[in-house]
Amino acid sequence: MSLGYPLHRPRRLRRTAGLRRAFAETDLRPSRLIAPLFVKEGIKEPVPIAAMPGQAQLDLVSAVKEARELASRGVGGLLVFGVPATKSPDGAAAWAPDGISQQALTAIKDEVGDDLVVMADLCLCSYTESGHCGVISEQAQGTIDNDPTIELYAEIAVAQARAGADIVAPSGMMDGQVHAIRGALDSAGFSDRVILSYAAKFASNFYGPFRDAAEGAPQFGDRRSYQMHTANLAEALREARLDVAEGADALMVKPAIGYLDVVRAIKDELGLPTAAYNVSGEYSMVKAAAGNGWLDERSTALEILNSIRRAGADLIITYHAGDAAEWLS
Ligand code: PBG
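Reading the values: rules and limits
Residues numbered from 1 in each chain as written. Predicted model: local features only at pLDDT ≥ 70, side-chain atom pairs only at ≥ 80, totals over all residues. Heavy atoms only, no water. Helix = DSSP H or I, 4+ residues; strand = E, 2+ residues; numbered from the N terminus. Expected span 1.5 Å × (residues − 1). Buried < 20%, exposed > 50% of the residue type's maximum accessible area, 1.4 Å probe, protein only. Contact = heavy atoms within 4.5 Å. Pairing = 2+ DSSP bridges. Near = heavy atom within 4 Å. Polar contact = N/O pair within 3.5 Å; in protein donor to acceptor, adjacent residues only side chain to side chain. Areas by Shrake-Rupley, 256 points an atom, 1.4 Å probe, with all protein chains shown as cover. Phe/Tyr/Trp six-rings, centres within 6.5 Å; stacked < 30°, edge-to-face > 60°. Axes fitted to C-alpha atoms, helices over the stretch in contact; angles between N-to-C directions. Parallel < 35°, antiparallel > 145°, perpendicular 65-115°, else oblique. Left-handed = near helix turned anticlockwise from the far one by under 90°. Nonpolar A, V, L, I, M, F, W, Y, C, P; charged D, E, K, R; others polar. Core = buried A, V, L, I, M, F, W, Y, C linked by side-chain atoms within 4.5 Å. Right-handed = clockwise from strand over helix to strand, strands pointing away.

(A) Spatial organisation of helix H9 (residues 280-291). With twelve residues, H9 extends 16 Å between its outermost C-alpha atoms, agreeing within 8% with the 16 Å of an ideal straight helix rising 1.5 Å per residue. Turning to H9, its buried residues number three or more, namely Ser-280, Gly-281, Glu-282, Tyr-283, Ser-284, Val-286, Lys-287 and Ala-289. Contacts from the buried residues of H9 go to helix H6 (208-214), strand E11 (274-278) and helix H10 (297-310). Just beyond H9, the residue with positive phi is Gly-293, at close to 80°.

(B) Expanded view of the pairing of strand E1 (residues 33-40). Burial analysis of E1 places eight of its eight residues in the buried class, the great majority of the element. Along E1, one buried face is formed by Leu-33, Ala-35, Leu-37 and Val-39 and the opposite face, lined by Ile-34, Pro-36, Phe-38 and Lys-40, is buried too. Direction of pairing for E1 relative to strand E12 (residues 315-318): parallel, over a ladder of two bridges. Bridge pairing links Ile-34 to Ile-317 in E12. By the bridge criterion, seven bridges tie E1 to strand E4 (residues 77-83) in an arrangement that is parallel. Note on E4: the bridge partner recorded for Lys-40 is Val-83. Bridge analysis of E1 against strand E3 (residues 56-58) gives two bridges, and the strand direction is parallel. Across the sheet, residue Phe-38 finds its bridge partner in E3, namely Gln-57.

(C) Region of interest: the site of the ligand. Every one of the 18 residues lining the ligand counts as a neighbour, but Arg-211, Gln-227, Lys-254, Ser-280 and Tyr-319 are closest to it. In the model, a nitrogen atom of the ligand is placed 3.2 Å from a nitrogen or oxygen of the Lys-254 side chain. The side chain of Ser-280 places a nitrogen or oxygen atom 2.7 Å from an oxygen atom of the ligand. Here the ligand has 400 Å² of accessible area as a free molecule, and 100% of this is covered by the chains.

(D) Examining the packing of aromatic side chains more closely. Summed over the entire model, instances satisfying the criterion amount to eight aromatic pairs. Judged by centre distance (5.1 Å) and plane angle (70°), the rings of Phe-81 and Phe-210 are edge-to-face. Of this pair, Phe-81 sits in strand E4 while Phe-210 sits in helix H6; the two residues are 129 residues apart in sequence, bridging distant segments of the chain. The pair Phe-81 / Phe-210 is uniform in exposure class, with both members buried. Between Tyr-198 and Tyr-277, the aromatic rings sit 6.3 Å apart at their centres with planes inclined by 40°, giving tilted as the arrangement.

(E) The packing of helix H3 (residues 100-112) against helix H4 (residues 146-163), seen in detail. The N-to-C vectors of H3 and H4 enclose an angle of 25°; their axes lie 8 Å apart at closest approach. Taken together, the axis directions place H3 and H4 in an arrangement best described as roughly parallel. Remark: the crossing between H3 and H4 carries right-handed chirality. In this structure, H3 contributes Ser-101, Gln-102, Leu-105 and Thr-106 to the contact, and H4 contributes Ala-159, Gln-160 and Ala-163. Of the residues contributing to the contact of H3 with H4, the split by class is three nonpolar, four polar and no charged.

(F) Structural context of the nonpolar core. By size, the foremost hydrophobic cluster in this structure holds 88 residues, and its most contacted members are Leu-78, Ile-108, Tyr-153 and Ile-266. It is H4 that contributes the most residues to this core, ten residues altogether. If near-sequence neighbours (up to four positions away) are discounted, Ile-108 is found in contact with Leu-37, Ala-63, Val-64, Ala-67, Leu-78, Val-80, Gly-113 and Val-118.

(G) Geometry of the environment of Ala-24. Within the secondary structure layout, Ala-24 lies in the loop between helix H1 (17-22) and E1. Taking the C-alpha atoms as reference, Ala-24 lies 9.6 Å from Arg-14; in sequence the two are ten residues apart.

(H) Geometry of the pairing of E11. Burial runs high along E11: five of the five residues are buried. Side chains Thr-274, Ala-276 and Asn-278 project from E11 onto one buried face, and the interleaved Ala-275 and Tyr-277 project onto a second face that is buried too. In this sheet, E11 lies alongside strand E10 (residues 250-254) in parallel orientation, the contact comprising three bridges. Of the residues in E11, the one forming a bridge with Leu-251 is Thr-274. Traced from E10 through helix H8 (residues 260-270) to E11, the parallel crossover comes out right-handed.

(I) Spotlight on the environment of Ala-234. Along the chain, Ala-234 turns up in helix H7 (residues 234-245). In the structure, Ala-234 is positioned 28 residues away from Val-262 in sequence and 9.0 Å away in space, judged by C-alpha atoms.

Read these as layout, nothing more, since geometry by itself doesn't imply function.
Shown next as structure tokens:
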């Protein structure tokens, strides 16, 4: 009996939908998805974000409702961004006990308890008049002063933990921020709270739409003296190693789609739980193309999320979280 040619027919494993499902190498479950929420102080109803169709700045009551809805869809968690009514030079509302982020964290936590992991973005850019992620140096005009900034981050972390955050996610890319935050949390009795560090956050053009959502655009200059050059992979690994040494529990890469090599490298080298942030511009591109009838939103979004998972991300922060959870169920 002669063997037919070709002997190897990979297409056998793709013949039916059942086979394709059974042999899929990557699983994408709603529990892997984290939804960002923008909670704005002083509004009475949601305010749509023009550059991010389907997303809105939420008032407290709507935010709590949205959290309940996300939990019912099986989404893994949410990431709270507070948008204060007024800004100040040092961004003090970021750590005020009644700051909008703290109010939102407490209200959401009270509602959903343990049904969602509640994360807090930890930064100053929505709170400072400058729109920068840190305080402006008194010596060197126009530069961001690292060490005073991380002291403020430490205050914010404690306020967020006290308000109920399960996880704080520092996104300011200041040196030593994880160390400062870990120390402050531990001294305040929050040694049980997780630090998910934005270890490798690139100075990306894809944050454009977000700056309207969080109202934190820099008022002068840009963020390239603290966020990473988009060309760098070795530096991303260095940042990740430092964050692990400083006590990070989990690591994040941001943005996601253009940085899948970084996700894979960090996951493989550090071995920690790794998140990828599928950022605003990545979301808005899909929305814009779908709105024009150029791409199918659902299958395109799921393809993107699958590829981020395939690159090694355990968690994906995505504005498609709610919809994707629905599509996946
Ligand atoms: C601010 C922050 C940004 C994002 C998350 N936290 C913007 C920036 O650094 O300019 C971007 C998120 C997105 O684009 O979806 N620290």
